[in-house]
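# Structure assessment
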Amino acid sequence: MADTRSLAQLGASTSDAARLAARGVRTAADLMRTDLLDVADALRASVPEASRALCRVAKAVAPAASDAASLRKKDASGHLPTKLSPLDEAMRGGLPARAITELAGPAGAGKTQMCFALLLSAALPIRHGGKERCAVYVDAERKFSAKRVAEMARAWTGGTMHESDVQVTLARMRVVPPPERVEDMAPLLLGLEQMMIEDRVAVVVMDSVAVLMRGDASHRHDVLGAQASALRHLAESFDVPVVVTNQVVGGGASVGSHQPFGAIASEGGEAEVAAALGVRWAHAVHTRLTLSRTTTCRCLTVAKSPCLPPLRFSFRITIAGLVFHPSDGAKMPPL
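All of these numbers come straight from a predicted model, not from anything done at the bench. (Residues numbered from 1 in each chain as written. Predicted model: local features only at pLDDT ≥ 70, side-chain atom pairs only at ≥ 80, totals over all residues. Heavy atoms only, no water.)

### Brief notes about helix α9 (residues 163-171)
Along α9, the residues that are buried comprise Asp-165, Val-166 and Thr-169. Summarising the axial view, the buried residues of α9 lie within an arc of 105 degrees, below the 170-degree limit, and thus occupy one face. Among the structural elements, α7 (111-123), α8 (146-156) and β3 (173-176) are those in contact with the buried residues of α9. (Buried < 20%, exposed > 50% of the residue type's maximum accessible area, 1.4 Å probe, protein only. Helix = DSSP H or I, 4+ residues; strand = E, 2+ residues; numbered from the N terminus. Arc of directions from axis to C-beta. Contact = heavy atoms within 4.5 Å.)

### Digging into the packing of aromatic side chains
Within the structure shown, the criterion is met by four aromatic pairs. On the numbers, 5.7 Å between centres and 80 degrees between planes, the contact of Phe-116 with Phe-144 is edge-to-face. Placement of Phe-116 in helix α7 and of Phe-144 in the loop between β2 (134-138) and α8 is noted, with a sequence separation of 28 residues between them. Pairing Tyr-137 with Phe-144 gives two aromatic rings, centres 5.5 Å apart and planes at 50 degrees, and the pair type is tilted. Taking relative accessible area as the criterion, Phe-144 reaches 22% and is therefore assigned partly exposed. An aromatic cluster of three or more residues is present, and its members are Phe-116, Tyr-137 and Phe-144. (Phe/Tyr/Trp six-rings, centres within 6.5 Å; stacked < 30°, edge-to-face > 60°.)

### Focus on the nonpolar core
Counting residues in hydrophobic clusters, the biggest one holds 41 residues, and the most contacted among them are Leu-87, Met-114, Leu-289 and Leu-300. Looking at this core, the element that brings in the most residues is α7, giving nine residues. The contact partners of Leu-289, leaving out residues within four places of it in the chain, are Leu-87, Met-91, Leu-95, Thr-101, Glu-102, Leu-103, Ala-104, Met-114, Thr-301 and Val-302. Cys-134, Leu-189, Met-206 and Leu-234 belong to the second largest nonpolar core, which has 30 residues in total. (Core = buried A, V, L, I, M, F, W, Y, C linked by side-chain atoms within 4.5 Å.)

### So, the state of the cysteines
A complete count under the given rule lists zero disulfides for this structure. With no disulfide of its own, Cys-299 has Cys-297 as its nearest cysteine by sulfur position, at a separation of 4.1 Å. (Disulfide = S-S within 2.5 Å.)

### A short note on the pairing of strand β11 (residues 311-318)
Pairing geometry for strand β10 (residues 298-304) and β11, over five bridges, is antiparallel. Residue Val-302 lies in a different strand from β11, and its bridge partner there is Leu-311. Two elements, β11 and strand β12 (residues 321-324), share four bridges in a ladder whose sense is antiparallel. In the sheet register, Phe-315 faces β12, and the bridge partner there is Phe-324. Count of turn residues in the β11/β12 antiparallel hairpin: two residues. (Pairing = 2+ DSSP bridges.)

### Considerations on unusual backbone geometry
Going from Asp-207 to Ser-208, the amide bond is cis rather than trans, its omega being 10 degrees. Considering the arrangement of structural elements, one finds Ser-208 in the loop between β4 (201-206) and α11 (220-238). Here the phi dihedral of Lys-83 falls at roughly 70 degrees; this positive angle occurs in a residue that is not glycine. Positionally, Lys-83 belongs in the loop between α5 (68-77) and α6 (85-90). Judged by its relative accessible area of 36%, Lys-83 is partly exposed.

Now the structure itself:
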């Protein structure tokens, strides 16, 4: 996201900040978009002096570099377990922090059930296998069910979880109602950032990212790009996984794009549907898990990951949520 800190916050003198403000340059982002000669003129400085001023601001707002060893150590502790052991093992501990993970699939495939499991993984007490932290759920399709989440919590603990622990776990979940219009998404995302600052949030879940992209397409791509940028900002700034669900489309039609991207293969290997929202959104996604079902089975596929080959697991949905078949190992999907 563009840096909106004022120039005074970044160390500019009062007089320099006032001169630049008179030209409409008030933030670091404004300054980075301003021509060097215009900056020199506004500051009444030479071009080399203006260039040095620009470099100082650029250095202040640029992300700090990290060494690979510290990143490796951070990665080892930053994952959120899905509680699906074969998947967590393959993904080195669960869903990665500082990235967007997408759950794509048709209605009824199990996406929302998996979202509920992630909320529990974050909010359950440590003694019950959770992180004992808050979780945010943007209920864009109004599917949240506290009753179902409580049922899953009891099932995860073999019925031994005390009712007071269930209530405390539910109290750690922040359920955010959906905006009524696409234009209201920006204030909602700003509100999420404030929530992240105030609470110890371990995961942000948006179910679903595509629901507001229906209808008028006049500003859809701009809104989608801003939404992807804001979600990435939350993930990276607060060191948490951001999880979104997405719909699928087929027959060449898509939600938010005329060109489907991220095909989900059928059992025979022929692409029948694709994740919605098109190429622009697909490039914002770090990891994509696709959920599908037929009359005989349900499958979860690691369709996109920077560190894994495509993998497929079969599962069923029980009182405890998604459960992999005990004898089913990871399989390569047909090519």
